[in-house]
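Chain residues, written in single-letter form:
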2 protein chains.
Amino acid sequence: MSALSDVARLAQVSKATASRALSGNGYVSELTRNRVVSAAATIGYVVSSNASSLVTGRTRNVGVVIPHINRWYFGEVLEGIESALIAAGYDLTLYRLSEDETERRRLFEYFLMRKRVDAVIAVSIELTPHEVRLLRSLDKPIVGIGGPGDGIAALSIDDVAAAALVTNHLISLGHTRIMHIGGSRQKEMDFRVHTQRQAGFRKAMEAAGLPCGTDAFRAADVSMQGGFAAALAALADPRSRPTAIVAGSDEVAIGTIVAARQLGIQVPSQLSVIGIDGHELSAMFGLTTLAQHPNAQGKMAVDLVMDELLQRPGAPAPTWHAYPVSLEVRDSTTAPSVE
Amino acid sequence: MSALSDVARLAQVSKATASRALSGNGYVSELTRNRVVSAAATIGYVVSSNASSLVTGRTRNVGVVIPHINRWYFGEVLEGIESALIAAGYDLTLYRLSEDETERRRLFEYFLMRKRVDAVIAVSIELTPHEVRLLRSLDKPIVGIGGPGDGIAALSIDDVAAAALVTNHLISLGHTRIMHIGGSRQKEMDFRVHTQRQAGFRKAMEAAGLPCGTDAFRAADVSMQGGFAAALAALADPRSRPTAIVAGSDEVAIGTIVAARQLGIQVPSQLSVIGIDGHELSAMFGLTTLAQHPNAQGKMAVDLVMDELLQRPGAPAPTWHAYPVSLEVRDSTTAPSVE
DNA sequence: CGAAAGTGTGGAACCGTTTCCACAGCAGGC
DNA sequence: GCCTGCTGTGGAAACGGTTCCACACTTTCG
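Residues numbered from 1 in each chain as written. Chains lettered and ligands numbered in written order. Predicted model: local features only at pLDDT ≥ 70, side-chain atom pairs only at ≥ 80, totals over all residues.

A. Just the overall build of chain A, in detail. Within chain A, the regular secondary structure consists of 12 helices and 12 strands. The C-alpha radius of gyration computed for chain A amounts to 26 Å, which surpasses the reference 20 Å derived for 339 residues by more than 25%, pointing to a less compact arrangement than a globule. Overall, chain A is about 90 × 40 × 30 Å in size when its C-alpha atoms are taken along their principal axes. Looking at chain A residue by residue over its 339 residues, the buried ones come to 49%. Looking at chain A alone, contacts between residues at least 24 apart form 72% of all its contacts between residues at least 6 apart. (Helix = DSSP H or I, 4+ residues; strand = E, 2+ residues; numbered from the N terminus. Rg over C-alpha atoms; globule rule 2.2 N^0.38 Å. Buried ≥ 20, exposed ≤ 12 C-beta atoms within 10 Å, placed from the backbone. Contact = placed C-beta atoms within 7 Å.)

Okay, structure coming up:
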């Protein structure tokens with residue numbers, strides 16, 4: 001492997017000049033720069049990022065902590081982050097946060113601390129106070145996506161408002177027997193999102209004076225299979241069946257639609273279903289949904305990180321950036337049929 | 001940030017001894033080791049991986065190159081790789097290979113070369129000879145998943161055999177008008193997989209003496225939407241409609257099932273559908289499929305990498321490891337109804 | 001016309017580790 | 001009692017860059 005000194009020798013300049021010529025910092029005449037660059041090209045020189053970041057203290061690498069990879073929302077966020085980072089010339093080191101407590105501790109105390117990353121993006125993760133302290137002690141930018149951060153900069157949709165909005169959509173269509181199928185605190189690591197959506201649902205129901213007891217909510221795995229299973233159970237009895245369902249995510253909503261079809265229930269004439277997320281499959285299933293744009297959120301998180309990385313104006317305000325949403329009305333919602 | 005020298009000072013030993021105590025290489029008495037370890041703990045010392053790998057030449061970091069993140073197969077592979085790497089104490093740097101030619105070149109010539117990774121795992125990527133040469137010149141382990149590697153160690157199912165197997169399943173049920181909906185060379189970056197599945201389909205059809213002309217294949221995006229759209233078109237005319245469909249992937253198969261339902265075609269009584277992959281949703285849709293286990297394949301790829309990393313017995317045999325599959329028969333396939 | 005400012009270059013220190021080498025003590029074998 | 005081999009430790013030389021500082025040569029400007 002060729003080193004900078006080889007390039008310098010070939011170009012007949014000092015290491016210092018060679019470094020300046022290649023990195024673009026400091027004065028180098030056009031002539032020598034060309035000589036150095038072509039020398040580097042001929043011997044196939046590439047900087048050692050280790051050596052480089054050892055002295056500069058910057059790694060051009062961002063750590064991403066994410067609970068799942070293979071769920072639409074998370075995959076989409078990850079793709080957005082990846083594209084934006086590559087475009088900015090950064091690498092992305094991926095850490096999946098498992099449910100296992102000791103592995104989680106190991107990740108934080110060991111992996112993230114090894115001066116390997118310049119910044120951290122945490123996706124849908126509720127950090128413990130200890131973890132926040134640990135991360136802040138690194139004095140590196142941290143940005144959270146999904147779920148308001150506890151003292152860290154964050155970016156997400158307003159989940160309470162989102163759930164209230166979709167619930168109100170059903171209410172305004174005339175539905176009164178509305179049920180919510182969504183994630184629960186027990187079932188989800190990234191629970192903040194789903195408890196908040198549940199809160200939004202309740203808020204809208206109560207504001208409309210509609211019943212919102214324990215049978216108005218059913219916990220589900222936040223996945224198509226979870227929605228499918230929960231909906232099968234919830235819709236089994238025609239007498240207690242709601243006329244509309246607010247799903248905690250589009251995946252749950254799609255599972256619900258598939259379950260309804262299997263039970264012979266017509267959507268939307270017998271059952272309206274509304275989701276939250278703007279899943280790529282929502283169009284295919286004709287699902288009315290409140291679209292957020294996880295891919296763009298990933299990119300925006302990277303922008304926030306880059307801002308902090310470039311400027312670092314003392315304390316980076318740990319503000320919460322609300323991401324806009326848009327209601328996409330399709331064929332899964334309509335007014336309830338007269339009874 | 002505390003450095004090794006701080007630990008050494010606190011423990012009243014030399015840097016050399018401190019290093020040995022913490023890394024576990026070389027002789028250190030039990031007594032001093034304890035002193036060093038507790039000194040490190042009190043000041044919260046963590047090694048600088050940059051400094052460390054600068055001198056050792058190893059980074060404990062593996063690069064993963066993958067074309068998509070948000071498709072089931074790829075997400076699953078990625079999760080498998082991630083878990084296995086973390087367990088082995090390695091970091092994972094993620095590179096998504098886009099279709100864009102210049103970005104692809106940039107990735108290879110710039111990102112992957114910066115001595116940042118100890119090994120590379122390439123998922124479903126057909127490398128150009130130039131790229132293979134580039135990677136091999138790094139003298140680092142490379143393992144491919146999906147698609148036989150051109151001179152690099154690889155791991156995948158036998159896609160030709162897999163497609164032939166599912167096709168034969170339909171043939172043995174008595175189907176004769178069988179159609180294949182799958183990925184095409186034009187539409188897919190990771191095309192080797194899908195051209196091979198197509199080849200397997202043709203092979204089985206021809207072996208059975210069944211017609212296999214141009215109308216026996218329809219190209220689709222390898223996704224649910226793609227399968228949905230292609231199936232809607234393919235099934236529109238009842239007169240030319242096949243009695244069974246071999247889908248290029250489970251996602252295509254599910255899209256096909258949804259399309260059939262929308263067209264009022266009963267599955268399986270009027271149309272059998274079979275997929276390949278063992279998608280997590282296949283059970284929910286009652287899909288008969290040939291299951292592979294991408295998660296386990298990811299783990300296996302990591303094992304291969306670790307083997308090479310630990311031993312490096314000269315030239316690491318660029319062998320192809322065939323991954324086993326299993327047919328999971330569900331409710332989407334049956335004998336054709338008599339006409 | 002002399003001082004100040006801007007440009008171009010090289011020497012050398014430094015980043016934080018690992019590891020080679022030297023050295024010292026101590027056991028065992030002849 | 002001396003040589004050999006093992007254990008334990010410290011000094012110092014890498015690893016491959018970046019950057020501070022010093023120095024030299026041009027301009028510019030009052």
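Moving on from the coordinates now.
B. Layout of the protein's contact with DNA strand C. Neighbouring DNA strand C are 29 residues, the closest being A16 of chain A together with L4, A16, S19 and A51 of chain B. For the surface near DNA strand C, the elements supplying multiple residues, two or more each, are α2 (15-23) and α4 (49-56) of chain A together with α1 (4-11), α2 (15-23) and α4 (49-56) of chain B. Grouping the constituent residues of the surface near DNA strand C by class yields 14 nonpolar, 12 polar and three charged. (Near = placed C-beta within 6 Å. Nonpolar A, V, L, I, M, F, W, Y, C, P; charged D, E, K, R; others polar.)

C. How the structure looks around the interface of chain A and chain B. Each side of the interface is counted separately: chain A has 33 residues, and chain B has 33 residues. Residue contributions to the side of chain A that touches chain B peak at six residues, all from helix α5 (residues 72-87) of chain A. When the residues that make up the side of chain A that touches chain B are grouped by side-chain class, the tally is 16 nonpolar, eight polar and nine charged.

D. The arrangement of the protein's contact with DNA strand D in detail. Close to DNA strand D lie 28 residues; L4, A16 and S19 of chain A together with S14 and T17 of chain B are nearest. Breaking the surface near DNA strand D down by element, the ones donating at least two residues are α2 and α4 of chain A together with α2 and α4 of chain B. By residue class, the composition of the surface near DNA strand D is 14 nonpolar, 11 polar and three charged.

E. Representation of the domain arrangement of chain A. Domain boundaries in chain A define domain 1 (4-56), domain 2 (61-156 + 294-322) and domain 3 (159-291). Inter-centroid distance (C-alpha atoms) of domain 1 of chain A to domain 3 of chain A is 60 Å. (Domains from an automatic or database assignment.)

F. How the structure looks around the relation of the copies chain A and chain B. At an RMSD of 0.2 Å, chain A and chain B line up after a rotation of 180° and a shift of 0.1 Å along the axis. Such a combination of rotation and displacement between the chain copies is what one expects of a two-fold axis. Comparing interface residues between copies, 100% of those in chain A also sit at the interface in chain B, which points to an isologous, same-surface contact. (Least-squares fit on C-alpha atoms with pLDDT ≥ 70 in both.)

G. Inspection of α2 of chain A at higher detail. Residues and elements named next belong to chain A. Looking only at α2, the buried set comprises T17, A18 and A21. Along the axis of α2, the buried positions cluster into a sector of 100°, meaning they face one direction only. In α2, those exposed residues whose orientation departs by more than 90 degrees from the buried face are A16 and S23. Tucked into the core, α2 has its buried residues touching α1 (4-11) and α3 (30-42). Positive backbone phi, approximately 85°, marks G24, located one or two places after α2. (Arc of directions from axis to C-beta.)

H. Fine view of the sheet that holds strand β12 (residues 326-328) of chain B. All names here are of chain B. If you trace the six strands from one edge of the open sheet to the other, you get β7-β6-β8-β9-β10-β12, paired in mixed fashion. A strand with exactly one partner marks an edge of an open sheet, and here the two such strands are β7 (217-219) and β12. Across the sheet, the mean angle from the axis of one strand to that of its neighbour is 20°, orientation sign disregarded. Alignment of strand β8 (residues 244-247) against strand β9 (residues 272-277), held across three bridges, turns out to be parallel. Counted as the bridge partner of I245 is V273 from β9. Contacting β6 (178-182), β7 and β8, helix α10 (residues 224-235) runs over the sheet at an angle of about 150° to β6. (Pairing = 2+ DSSP bridges. Axes fitted to C-alpha atoms, helices over the stretch in contact; angles between N-to-C directions.)

I. The arrangement of the pairing of strand β10 (residues 288-291) of chain B in detail. All names here are of chain B. Sheet topology note: the β9/β10 ladder contains four bridges and is parallel. Residue pairing across strands places D277 opposite A291, the latter belonging to β10. Looking at chain direction, β10 and β12 are connected through three bridges and run antiparallel. Note on β12: the bridge partner recorded for A291 is S326.

J. Broad picture of the environment of L127 of chain B. Along the chain, L127 of chain B turns up in the loop between β3 (119-123) and α7 (129-137). As a C-alpha pair, L127 of chain B and D159 of chain B span 32 residues in sequence and 18 Å in three-dimensional space.

K. The arrangement of the environment of T17 of chain B in detail. All names here are of chain B. Here T17 shows up in helix α2. Its 20 C-beta neighbours within 10 Å are what place T17 among the buried residues. Considering only alpha carbons, one finds T17 and G248, 231 residues apart in sequence, at a separation of 59 Å. T17 has contacts with V28 and T32, leaving out every residue within four places of it along the chain.

L. Summary view of the pairing of β3 of chain B. All names here are of chain B. By the criterion of burial, β3 is predominantly enclosed, with five of the five residues buried. Of the two faces of β3, the one holding A119, I121 and V123 and the one holding V120 and A122 are both buried throughout. As judged from the four bridges shared by strand β1 (residues 61-66) and β3, these two strands associate in the parallel manner. By the bridge assignment for β3, V62 is matched with A119.

M. Unusual backbone geometry, seen in detail. Note the cis peptide between V267 of chain A and P268 of chain A, where omega equals 10°. Its identity as a non-glycine residue notwithstanding, Q12 of chain B has a phi of 60°, on the positive side. With respect to the helices, strands and loops of the structure, Q12 of chain B is situated in the loop between α1 and α2. Look at S124 of chain B: it is not a glycine, yet its phi comes out positive at around 50°. Mapped onto the elements, S124 of chain B comes out in the loop between β3 and α7. Looking at S124 of chain B, the number of C-beta atoms within 10 Å reads 25, which means it is buried.

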